[in-house]
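Listed below, chain by chain, are the residues.
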Amino acid sequence: PTHQGALVCSGWEGPGSKVTDEAIFGADDVDPNANLLGRIVFHFACFGAGTPRLDDFSTAVGGTAIAPYEFVARLPQAMLSHPGGGALAVVGHVDRAWDWSFHWGTAGAQRAVFRKTIGDLLAGLPVGVALDEFSLRYSEISTLLTEEIADVKAGKVRDDALLARYWTANSDARNYVLLGDPAARLSPA
(Lines give C-alpha, C1' and ligand atoms only; values in the text may rest on other atoms or scores of the structure.)
Protein backbone atom coordinates (compact mmCIF):
# COMPACT_ATOMS: atom_id res chain seq x y z
CA PRO A 1 0.00 0.00 0.00
CA THR A 2 2.29 2.78 -1.24
CA HIS A 3 -0.36 5.45 -0.70
CA GLN A 4 -0.86 4.58 2.97
CA GLY A 5 -0.19 7.69 5.04
CA ALA A 6 -0.32 10.01 2.02
CA LEU A 7 -1.50 13.53 2.75
CA VAL A 8 -4.50 14.87 0.83
CA CYS A 9 -3.59 18.27 -0.63
CA SER A 10 -5.53 21.32 -1.74
CA GLY A 11 -5.86 19.90 -5.27
CA TRP A 12 -8.59 17.56 -4.02
CA GLU A 13 -12.03 18.76 -5.07
CA GLY A 14 -13.65 17.82 -1.77
CA PRO A 15 -16.27 15.42 -0.42
CA GLY A 16 -17.94 13.34 -3.10
CA SER A 17 -14.99 13.57 -5.48
CA LYS A 18 -12.33 10.93 -6.00
CA VAL A 19 -8.94 11.38 -4.35
CA THR A 20 -6.54 11.14 -7.29
CA ASP A 21 -2.78 10.61 -7.31
CA GLU A 22 -2.41 14.27 -8.27
CA ALA A 23 -4.29 15.37 -5.14
CA ILE A 24 -2.04 13.55 -2.64
CA PHE A 25 1.52 13.69 -1.40
CA GLY A 26 2.74 10.19 -0.66
CA ALA A 27 5.96 8.23 -0.23
CA ASP A 28 6.56 8.15 -3.99
CA ASP A 29 6.35 11.96 -4.12
CA VAL A 30 9.29 12.55 -1.77
CA ASP A 31 11.98 14.06 -3.99
CA PRO A 32 15.01 11.72 -4.17
CA ASN A 33 17.24 14.81 -4.02
CA ALA A 34 15.54 16.21 -0.92
CA ASN A 35 17.45 16.67 2.29
CA LEU A 36 15.12 16.13 5.23
CA LEU A 37 17.99 15.86 7.71
CA GLY A 38 17.25 17.85 10.86
CA ARG A 39 13.52 18.06 10.18
CA ILE A 40 10.67 17.15 12.50
CA VAL A 41 7.50 16.50 10.54
CA PHE A 42 3.93 16.63 11.89
CA HIS A 43 1.18 14.90 9.89
CA PHE A 44 -2.32 15.71 11.04
CA ALA A 45 -4.20 13.20 8.95
CA CYS A 46 -6.21 10.03 9.31
CA PHE A 47 -3.77 7.11 9.30
CA GLY A 48 -0.93 9.61 8.71
CA ALA A 49 1.50 7.62 10.88
CA GLY A 50 0.09 4.14 10.53
CA THR A 51 -2.82 1.78 10.64
CA PRO A 52 -3.91 -0.44 13.53
CA ARG A 53 -5.12 -3.97 12.91
CA LEU A 54 -8.39 -3.26 14.72
CA ASP A 55 -10.67 -0.28 14.24
CA ASP A 56 -10.35 1.79 17.41
CA PHE A 57 -13.87 3.13 16.94
CA SER A 58 -15.64 -0.19 16.49
CA THR A 59 -18.27 -1.15 19.03
CA ALA A 60 -18.12 -4.82 18.03
CA VAL A 61 -16.98 -7.25 20.71
CA GLY A 62 -13.31 -7.94 20.02
CA GLY A 63 -13.16 -5.07 17.53
CA THR A 64 -13.41 -4.98 13.76
CA ALA A 65 -10.32 -5.78 11.68
CA ILE A 66 -9.39 -3.06 9.19
CA ALA A 67 -5.98 -4.49 8.25
CA PRO A 68 -4.35 -7.92 8.43
CA TYR A 69 -1.77 -6.47 10.89
CA GLU A 70 -0.78 -3.05 12.23
CA PHE A 71 1.83 -1.16 10.23
CA VAL A 72 3.67 2.16 9.89
CA ALA A 73 2.53 4.32 6.97
CA ARG A 74 4.76 4.59 3.90
CA LEU A 75 5.19 8.39 3.85
CA PRO A 76 6.77 8.58 7.33
CA GLN A 77 8.96 5.60 6.46
CA ALA A 78 10.15 7.36 3.30
CA MET A 79 10.85 10.57 5.22
CA LEU A 80 12.72 8.90 8.07
CA SER A 81 14.87 6.71 5.80
CA HIS A 82 15.50 9.16 2.96
CA PRO A 83 18.92 8.47 1.40
CA GLY A 84 19.60 12.21 0.99
CA GLY A 85 19.20 12.69 4.75
CA GLY A 86 16.21 11.47 6.69
CA ALA A 87 13.93 13.41 8.99
CA LEU A 88 14.71 13.10 12.69
CA ALA A 89 11.11 12.41 13.68
CA VAL A 90 7.60 12.18 12.30
CA VAL A 91 4.57 12.76 14.50
CA GLY A 92 1.29 11.48 13.18
CA HIS A 93 -1.99 9.80 13.88
CA VAL A 94 -2.83 6.12 13.91
CA ASP A 95 -6.45 5.42 12.94
CA ARG A 96 -8.86 8.22 12.09
CA ALA A 97 -8.10 11.79 13.12
CA TRP A 98 -11.24 13.58 14.30
CA ASP A 99 -11.87 17.26 14.72
CA TRP A 100 -11.93 16.60 18.49
CA SER A 101 -8.17 17.13 18.28
CA PHE A 102 -8.71 20.85 17.80
CA HIS A 103 -12.41 21.58 18.29
CA TRP A 104 -14.40 20.79 21.42
CA GLY A 105 -18.12 21.06 20.75
CA THR A 106 -19.67 24.31 21.94
CA ALA A 107 -16.37 25.28 23.60
CA GLY A 108 -15.04 26.00 20.10
CA ALA A 109 -11.47 25.88 18.87
CA GLN A 110 -9.02 24.04 21.08
CA ARG A 111 -5.67 24.65 19.43
CA ALA A 112 -3.62 25.24 22.58
CA VAL A 113 -2.13 21.74 22.55
CA PHE A 114 -0.90 22.21 18.98
CA ARG A 115 0.38 25.74 19.63
CA LYS A 116 2.21 24.71 22.80
CA THR A 117 3.78 21.67 21.13
CA ILE A 118 4.98 23.66 18.13
CA GLY A 119 6.18 26.48 20.39
CA ASP A 120 8.15 23.99 22.49
CA LEU A 121 9.70 22.51 19.34
CA LEU A 122 10.68 25.97 18.10
CA ALA A 123 12.15 26.75 21.53
CA GLY A 124 14.47 23.75 21.13
CA LEU A 125 12.82 21.18 23.39
CA PRO A 126 13.17 17.53 22.37
CA VAL A 127 10.19 16.31 20.35
CA GLY A 128 9.37 13.68 22.99
CA VAL A 129 9.11 16.40 25.66
CA ALA A 130 7.15 18.74 23.38
CA LEU A 131 4.58 15.99 22.83
CA ASP A 132 3.84 15.81 26.56
CA GLU A 133 1.00 18.26 25.81
CA PHE A 134 -0.73 15.51 23.81
CA SER A 135 -0.31 13.05 26.68
CA LEU A 136 -1.78 15.58 29.11
CA ARG A 137 -4.77 16.16 26.81
CA TYR A 138 -5.34 12.41 26.60
CA SER A 139 -5.17 12.19 30.41
CA GLU A 140 -7.64 15.04 30.84
CA ILE A 141 -10.15 13.55 28.41
CA SER A 142 -9.73 10.08 29.93
CA THR A 143 -10.53 11.60 33.31
CA LEU A 144 -13.67 13.28 31.97
CA LEU A 145 -14.82 9.99 30.41
CA THR A 146 -14.05 7.96 33.54
CA GLU A 147 -15.84 10.45 35.81
CA GLU A 148 -18.90 10.52 33.56
CA ILE A 149 -19.06 6.71 33.56
CA ALA A 150 -18.69 6.66 37.36
CA ASP A 151 -21.49 9.24 37.71
CA VAL A 152 -23.78 7.13 35.52
CA LYS A 153 -22.98 4.04 37.61
CA ALA A 154 -23.88 6.10 40.68
CA GLY A 155 -27.31 6.94 39.27
CA LYS A 156 -26.85 9.97 37.03
CA VAL A 157 -29.06 9.87 33.94
CA ARG A 158 -26.92 8.66 31.07
CA ASP A 159 -26.29 11.19 28.29
CA ASP A 160 -25.39 9.00 25.30
CA ALA A 161 -24.35 11.97 23.16
CA LEU A 162 -21.94 13.22 25.84
CA LEU A 163 -20.49 9.75 26.40
CA ALA A 164 -20.00 9.33 22.65
CA ARG A 165 -18.19 12.68 22.42
CA TYR A 166 -15.91 11.83 25.35
CA TRP A 167 -15.20 8.34 23.98
CA THR A 168 -14.41 9.65 20.49
CA ALA A 169 -12.22 12.47 21.83
CA ASN A 170 -10.45 10.02 24.15
CA SER A 171 -9.62 7.61 21.33
CA ASP A 172 -8.57 10.47 19.07
CA ALA A 173 -6.22 11.95 21.69
CA ARG A 174 -4.64 8.57 22.41
CA ASN A 175 -3.72 7.83 18.79
CA TYR A 176 -0.88 10.32 18.20
CA VAL A 177 2.51 8.62 17.88
CA LEU A 178 6.13 9.65 17.48
CA LEU A 179 8.20 7.80 14.92
CA GLY A 180 11.93 8.42 15.03
CA ASP A 181 14.10 9.91 17.75
CA PRO A 182 12.23 11.30 20.80
CA ALA A 183 15.39 13.22 21.80
CA ALA A 184 15.55 15.04 18.44
CA ARG A 185 15.51 18.84 18.58
CA LEU A 186 15.17 21.45 15.89
CA SER A 187 18.43 23.22 15.13
CA PRO A 188 18.52 27.00 15.38
CA ALA A 189 18.38 28.70 11.97
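Scroll up for the structure.
Quick caveat: nothing in here was measured; it's all calculated off a predicted structure. (Residues numbered from 1 in each chain as written. Predicted model: local features only at pLDDT ≥ 70, side-chain atom pairs only at ≥ 80, totals over all residues. Heavy atoms only, no water.)

(A) The overall build of the protein chain, seen in detail. Across its full length, the protein chain carries five helices and seven strands. Listed by position from the N terminus, the elements making up the protein chain come as β-β-β-β-β-α-β-α-α-α-α-β. With the principal axes as the frame, the protein chain shows a C-alpha extent of 60 × 40 × 30 Å. Looking at the protein chain as a whole, 39% of its 189 residues qualify as buried. Within the protein chain, contacts between residues at least 6 apart in sequence are counted, and of these 69% link residues at least 24 apart. Looking at the protein chain as shown, the accessible area adds up to about 10,900 Å², and 57% of this sits on carbon and sulfur atoms. Put simply, the protein chain has 15 plus and 22 minus side-chain charges, and the middle of one group is 3 Å from the middle of the other. (Helix = DSSP H or I, 4+ residues; strand = E, 2+ residues; numbered from the N terminus. Buried < 20%, exposed > 50% of the residue type's maximum accessible area, 1.4 Å probe, protein only. Contact = heavy atoms within 4.5 Å. Areas by Shrake-Rupley, 256 points an atom, 1.4 Å probe, with all protein chains shown as cover. Lys, Arg positive; Asp, Glu negative; His and termini not counted. Charge placed at Lys NZ, Arg CZ, Asp CG, Glu CD.)

(B) The arrangement of the environment of Asn35 in detail. Within the secondary structure, Asn35 is located in the loop between β2 (24–25) and β3 (40–42). Sequence-wise, Asn35 and Leu162 are 127 residues apart; in three dimensions their C-alpha atoms are separated by 46 Å. The contacts of Asn35, once residues within four sequence positions are left out, are Gly84 and Gly85.

(C) The pairing of strand β6 (residues 89–93), seen in detail. Summarising burial for β6: five of the five residues are buried, a large majority. Relative to β6, β3 is paired through three bridges, and the arrangement is parallel. Bridge pairing in β6 links Phe42 to Val91. In this structure, β6 lies alongside strand β7 (residues 176–180), joined through five bridges in antiparallel fashion. Residue pairing for β7: Ala89 is matched across the bridge by Gly180. (Pairing = 2+ DSSP bridges.)

(D) The nonpolar core, seen in detail. One finds Ile40, Ala89, Val91, Val113, Phe114, Leu121, Val127, Ala130, Leu131, Phe134, Tyr176 and Ala184 forming the largest nonpolar core, which totals 12 residues. Where this core is concerned, the elements lending two or more residues are β6, α2 (112–122) and α3 (127–130). In this structure, Ala130 is in contact with Thr117, Asp120 and Leu121, ignoring residues within four places of it in sequence. By size, the runner-up hydrophobic cluster in this structure holds nine residues, among which are Ala27, Val30, Ala78 and Met79. (Core = buried A, V, L, I, M, F, W, Y, C linked by side-chain atoms within 4.5 Å.)

(E) Here's a closer look at the packing of α2 against helix α4 (residues 132–153). Their axes nearest at 8 Å, the elements α2 and α4 cross at an angle of 155°. Relative to α4, the element α2 is oriented roughly antiparallel. Residue-level contacts link Val113, Phe114, Lys116 and Thr117 of α2 to Glu133, Phe134 and Arg137 of α4. Taken together, the residues that form the contact of α2 with α4 break down as three nonpolar, one polar and three charged. (Axes fitted to C-alpha atoms, helices over the stretch in contact; angles between N-to-C directions. Parallel < 35°, antiparallel > 145°, perpendicular 65-115°, else oblique. Nonpolar A, V, L, I, M, F, W, Y, C, P; charged D, E, K, R; others polar.)

(F) Structural detail: the packing of aromatic side chains. Counting across every chain of the model gives eight aromatic pairs. Between the aromatic rings of Phe42 and Phe134, the centroid separation amounts to 5.9 Å while the plane-to-plane angle is 35°, which identifies the pairing as tilted. Separated by 92 residues along the polypeptide, Phe42 in strand β3 and Phe134 in helix α4 bring together distant segments of the chain. Look at Phe42 and you get partly exposed, because its relative accessible area is 31%. Centroid distance Phe44 to Phe114: 5.9 Å. Interplanar angle 90°. Geometry classified as edge-to-face. Of the two residues, Phe44 is situated in the loop between β3 and β4 (50–51) and Phe114 in helix α2; the sequence distance between them amounts to 70 residues. Classification of Phe44 by relative accessible area gives partly exposed; the value is 35%. For Phe114, a relative accessible area of 16% translates into the label buried. Taken together through their ring pairs, the aromatic side chains of Phe42, Phe44, Phe114, Phe134 and Tyr176 make up a single cluster. (Phe/Tyr/Trp six-rings, centres within 6.5 Å; stacked < 30°, edge-to-face > 60°.)

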